[in-house]
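# Overview (structure and organization)
So you can see what is in the structure, the chains are spelled out below.
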Amino acid sequence: MPFVFFKNLVGRNICPLNWRSFGDYCYQFNVHGAQYKNWVGAEKACMSFNGSTELISISSAAENVFVLRQLKDMSVSQVWIGLNDRKVEGRYEWSDKSTSTYKNWAPLEPSGGVAGRISDCTVIDGNTQNGTWSMSPCFFTRGYICKRKIGKEFK
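None of the values given here were measured: they were computed from a predicted structure. (Residues numbered from 1 in each chain as written. Predicted model: local features only at pLDDT ≥ 70, side-chain atom pairs only at ≥ 80, totals over all residues. Heavy atoms only, no water.)

### With respect to the overall build of the protein chain
Helix and strand content of the protein chain: three helices and eight strands. For the protein chain, with 155 residues in total, the buried portion stands at 44%. Looking at the protein chain alone, contacts between residues at least 24 apart form 73% of all its contacts between residues at least 6 apart. Of the roughly 9,000 Å² of accessible surface on the protein chain, 54% is carried by carbon and sulfur atoms. (Helix = DSSP H or I, 4+ residues; strand = E, 2+ residues; numbered from the N terminus. Buried < 20%, exposed > 50% of the residue type's maximum accessible area, 1.4 Å probe, protein only. Contact = heavy atoms within 4.5 Å. Areas by Shrake-Rupley, 256 points an atom, 1.4 Å probe, with all protein chains shown as cover.)

See below:
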């Protein structure tokens, strides 16, 4: 039997098994019911790989479409993303400290009033046409997506 050489893979950074790639990043979709966590638990689970893995931040429409397609392929609806206003009500920031200004809020979101005060965390909805985002109470348990730069060492 002849040997097969993978010279195109030598030195190339690829994502680990069960992670999906888009652009310069690897994504892990934790969407099975046994993996569900509240928002803080999801953030901690992502960070447990090492400091360079975070709950997903979405920085462009193209990245949002990529995530939406994955969720639709898996028949998954709402999952946690890293956007939140847990520190200051009404000031939304990404848990990974990224400064992206891209937003894809559903109509009437982000919620205000009493609903806004108890809904400090954000989900992307795979059941919507455009993968819109909505606020949700952080204690709900849901699937979540971890994100890391390609080429970072996994532990």
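### Concerning the packing of aromatic side chains
Taken as a whole and judged by the stated rule, the model has nine aromatic pairs. Plain terms: the ring middles of Tyr102 and Trp133 are 5.7 Å apart, the flat faces sit at 80° to each other, and that makes the pair edge-to-face. Of this pair, Tyr102 sits in the loop between strand S5 (93-94) and helix H3 (113-118) while Trp133 sits in strand S7 (residues 133-136), and the two are 31 residues apart along the sequence. Each member of the pair, Tyr102 as well as Trp133, is classed as buried. Here a set of aromatic residues connected by ring pairs shows up, and it is made of Tyr92, Trp94, Tyr102, Trp105 and Trp133. It is Arg20 that lies over the ring of Phe29; its NZ or CZ is 5.8 Å from the centre. The side chain of Lys149 reaches across the aromatic face of Tyr25, ending 5.1 Å from its centre. (Phe/Tyr/Trp six-rings, centres within 6.5 Å; stacked < 30°, edge-to-face > 60°. Lys NZ or Arg CZ within 6 Å of the ring centre and 35° of its normal.)

### Side note on the pairing of strand S4 (residues 78-84)
Burial analysis of S4 places six of its seven residues in the buried class, the great majority of the element. In terms of strand pairing, S4 meets strand S6 (residues 121-125) through five bridges, oriented antiparallel. Of the residues in S6, the one forming a bridge with Val79 is Ile124. For S4 and strand S8 (residues 143-149), the ladder comprises two bridges, and the chain directions are parallel. The residue of S8 that forms the bridge with Trp80 is Tyr144. Sheet topology places S4 next to S5; two bridges connect them, and they run antiparallel. Looking across to S5, one finds that Asn84 is bridged to Glu93. (Pairing = 2+ DSSP bridges.)

### Looking at helix H1 (residues 39-47)
Along H1, the positions that sit buried rather than exposed are Trp39, Ala42, Glu43, Ala45 and Cys46. What you see down the axis of H1 is that its buried residues fit within an arc of 160°, all on one side. Contacts made by the buried residues of H1 are with strand S3 (53-55), S4, S6 and S8. Capping the start of H1, Asn38 holds a side-chain oxygen 3.3 Å from the backbone nitrogen of Val40, two or three residues further along. (Arc of directions from axis to C-beta. Polar contact = N/O pair within 3.5 Å; in protein donor to acceptor, adjacent residues only side chain to side chain.)

### Structural notes on the state of the cysteines
Two cysteines, two sulfur atoms, one covalent bond between them: this is a disulfide. If you walk through the whole model with that rule in mind, you get three disulfides. Covalent S-S linkage joins Cys15 and Cys26, the inter-sulfur distance amounting to 2.0 Å. Disulfide Cys15 to Cys26: torsion about the S-S bond roughly -95°, handedness left-handed. Here the residue Cys15 occupies a position in the segment before strand S1 (20-22), and Cys26 occupies one in strand S2 (residues 25-30), the gap between them amounting to 11 residues. An identical accessibility class is assigned to Cys15 and Cys26; each is buried. (Disulfide = S-S within 2.5 Å.)

### Quick word on unusual backbone geometry
Residue Pro110 is bonded to the preceding Glu109 through a cis peptide linkage, with omega at -5°. You will see that Asn18, though not glycine, has its phi angle at about 70°, which is positive. Along the chain, Asn18 turns up in the segment before S1. Although it is not a glycine, Lys97 sits at a positive phi angle of roughly 70°. Along the chain, Lys97 turns up in the loop between S5 and H3. Look at Lys97 and you get exposed, because its relative accessible area is 57%.

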